Amino acid sequence: MGYEAKLRVWRGDDGAGELRDYTVEAEEGEVVLDLIHRLQATQAPDLAVRWNCKAGKCGSCSAEVNGRPRLLCMTRLSVFRREEVITVTPMRTFPVVRDLVTDVSYNYVKARQIPSFTPPPELEPGAYRMQQVDVQRSQEFRKCIECFLCQNVCHVIRDHEENKTAFAGPRFLMRIAELEMHPLDAADRRDEAQTEHGLGYCNITKCCTEVCPENIHITDNALIPMKERVADRRYDPVVWLGNKLFRR
Ligand code: SF4
Ligand code: F3S
Ligand code: FES
């Protein structure tokens, strides 16, 4: 049975904005993106929202619903009480373009700064061999749909704009971990993770893992193992001595 849903949506641009209240027809089984689309169709044709697949796979419809980072297309209305006001705001960590659309170019800048997969020079393409267990490990990370909800929620940049230059964020620290764990990647990414991409800023709050719509164990399977590898490298006395003797 249909009902009247109460929607509060942030309207504005990078200069100024406000929360506006709307009442929108809702149907059983719908998601928040359905309400946003109906709002566009009936009352607010100029409302800007980014979306594409409506199936939780393109990572475009990221926003905040009642303060929690979520995909609009995967947030069922049934998680809210019918009389509850559903507040939809743009991701807070990135600059607003208009209404619910943010400028996520920070993430593409960070992606470009990570050196790509580097196989050993003597290995011809087609001669790569690796164990299934190693394939499975990186497959978890490859489920990422680049929604940037983890980047949005991480307090290191959410509350500190000034950290954006030094911190790549969980999605890209996970990419570095994926390459570091890859048995055929010949590059040593440990120092760079710490010095260039800000791994040390992460204090394992795990908020990134909590909001990931793909349920990737970002903290436990990527960030903590990466921190352990960096610690081994930096504090292992044998490695330290080796560095002293051979890396002058
Ligand atoms: Fe989104 Fe998860 Fe990928 Fe982060 S790791 S960008 S939350 S899918
Ligand atoms: Fe941020 Fe995730 Fe670390 S939320 S602090 S990157 S565990
Ligand atoms: Fe593609 Fe929501 S529209 S993930």
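Our structure's up above, just so we're on the same page.
Residues numbered from 1 in each chain as written. Chains lettered and ligands numbered in written order. Predicted model: local features only at pLDDT ≥ 70, side-chain atom pairs only at ≥ 80, totals over all residues. Heavy atoms only, no water.

(A) Just the side chain of E64, in detail. By the element assignment, E64 lies in strand β3 (residues 62–65). Accessibility expressed as a relative area gives 4% for E64, which makes it buried. Side-chain polar atoms of E64 contact the side chain of N152, separated by 2.8 Å. Side chain to side chain, E64 and R158 meet in a polar contact 2.8 Å long. Residues contacting E64, with those up to four places away along its chain left out, are P69, T87, V88, T89, P90, M91, R92, N152 and R158. (Helix = DSSP H or I, 4+ residues; strand = E, 2+ residues; numbered from the N terminus. Buried < 20%, exposed > 50% of the residue type's maximum accessible area, 1.4 Å probe, protein only. Polar contact = N/O pair within 3.5 Å; in protein donor to acceptor, adjacent residues only side chain to side chain. Contact = heavy atoms within 4.5 Å.)

(B) The arrangement of the packing of aromatic side chains in detail. A full pass over the atoms with the stated rule returns 5 aromatic pairs. On the numbers, 6.2 Å between centres and 80 degrees between planes, the contact of F117 with Y128 is edge-to-face. Taken together, the residues span a long stretch of sequence, with F117 in the loop between α2 (105–112) and α3 (132–141) and Y128 in the loop between α2 and α3 at a distance of 11 residues. On the basis of relative accessibility, which here comes to 29%, the residue F117 falls in the partly exposed class. Cluster of aromatic residues (ring-pair linked, three or more members): Y108, F148 and F172. Directly above the ring of Y106 sits K164, whose terminal nitrogen or CZ lies 5.6 Å from the centroid. (Phe/Tyr/Trp six-rings, centres within 6.5 Å; stacked < 30°, edge-to-face > 60°. Lys NZ or Arg CZ within 6 Å of the ring centre and 35° of its normal.)

(C) Summary view of the site of ligand 2. Around ligand 2, the structure places C154, H155, P170, C202, N203, I204, T205, K206, C207, C208, T219 and L223. Mapped by element, the contributors of at least two residues to the shell around ligand 2 are α8 (207–211) and α9 (218–235). (Near = heavy atom within 4 Å.)

(D) Seen up close, the site of ligand 1. Around ligand 1 lies a shell formed by C144, I145, E146, C147, F148, C150, R171, M174, C212, P213 and I218. Across the shell around ligand 1, the residue classes break down as 9 nonpolar, no polar and 2 charged. (Nonpolar A, V, L, I, M, F, W, Y, C, P; charged D, E, K, R; others polar.)

(E) Looking closely at the sheet that holds β3. Across the sheet, 5 strands lie side by side as β2-β1-β5-β3-β4; this open sheet has mixed pairing. With partners counted over all chains shown, the strands left at the sheet margins are β2 (17–26) and β4 (68–71), one partner each. On average, adjacent strands in this sheet sit at an angle of 35 degrees to one another, irrespective of strand direction. By the bridge criterion, 2 bridges tie β3 to strand β5 (residues 85–89) in an arrangement that is antiparallel. Bridging across to β5, E64 finds its partner in T89. Along the sheet, helix α1 (residues 32–42) contacts β1 (3–12), β2, β3 and β5; its crossing angle with β2, the most-contacted strand, is approximately 100 degrees. (Pairing = 2+ DSSP bridges. Axes fitted to C-alpha atoms, helices over the stretch in contact; angles between N-to-C directions.)

(F) The arrangement of the nonpolar core in detail. Judged by nonpolar contacts, the single largest core of 63 residues is most densely connected at L7, V32, I36, L72, I86 and V88. Examining the composition of this core, we find that 7 residues originate from one element, helix α6 (residues 170–181), more than from any other. If we ignore the near neighbours within four places in the chain, the residues touching L72 are V31, V32, L33, V49, C61, A63, V65, V88 and L100. (Core = buried A, V, L, I, M, F, W, Y, C linked by side-chain atoms within 4.5 Å.)

(G) Just α2, in detail. Every buried residue of α2 is listed here: Y106, N107 and K110. Considered in projection along α2, the buried side chains sweep an arc of 95 degrees and stay on one side of the axis. Those residues of α2 hidden inside the fold are in contact with α4 (149–153), α5 (155–158) and α6. (Arc of directions from axis to C-beta.)

(H) Molecular detail of the environment of R190. On the secondary structure map, R190 appears in helix α7 (residues 190–195). By relative accessible area, which is 23% here, R190 ends up partly exposed. Counting along the chain gives 13 residues from R190 to A177, while the straight-line C-alpha distance between them is 8.8 Å.

(I) Focus on the pairing of β2. Note: β1 against β2, 10 bridges, orientation antiparallel. Paired with E4 across the strands is E25, a residue of β2. Where β1 hands over to β2, the hairpin turn is made up of 4 residues, counted between the paired strands.

(J) Local environment of the packing of α3 against α6. At a closest axis distance of 10 Å, the pairing of α3 and α6 adopts a crossing angle of 170 degrees. Comparing the axis directions of α3 and α6 gives the class roughly antiparallel. On α6, the residues touching R137, S138 and F141 of α3 are M174, E178 and M181. Partitioned by chemical class, the residues of the contact of α3 with α6 number 3 nonpolar, 1 polar and 2 charged. (Parallel < 35°, antiparallel > 145°, perpendicular 65-115°, else oblique.)

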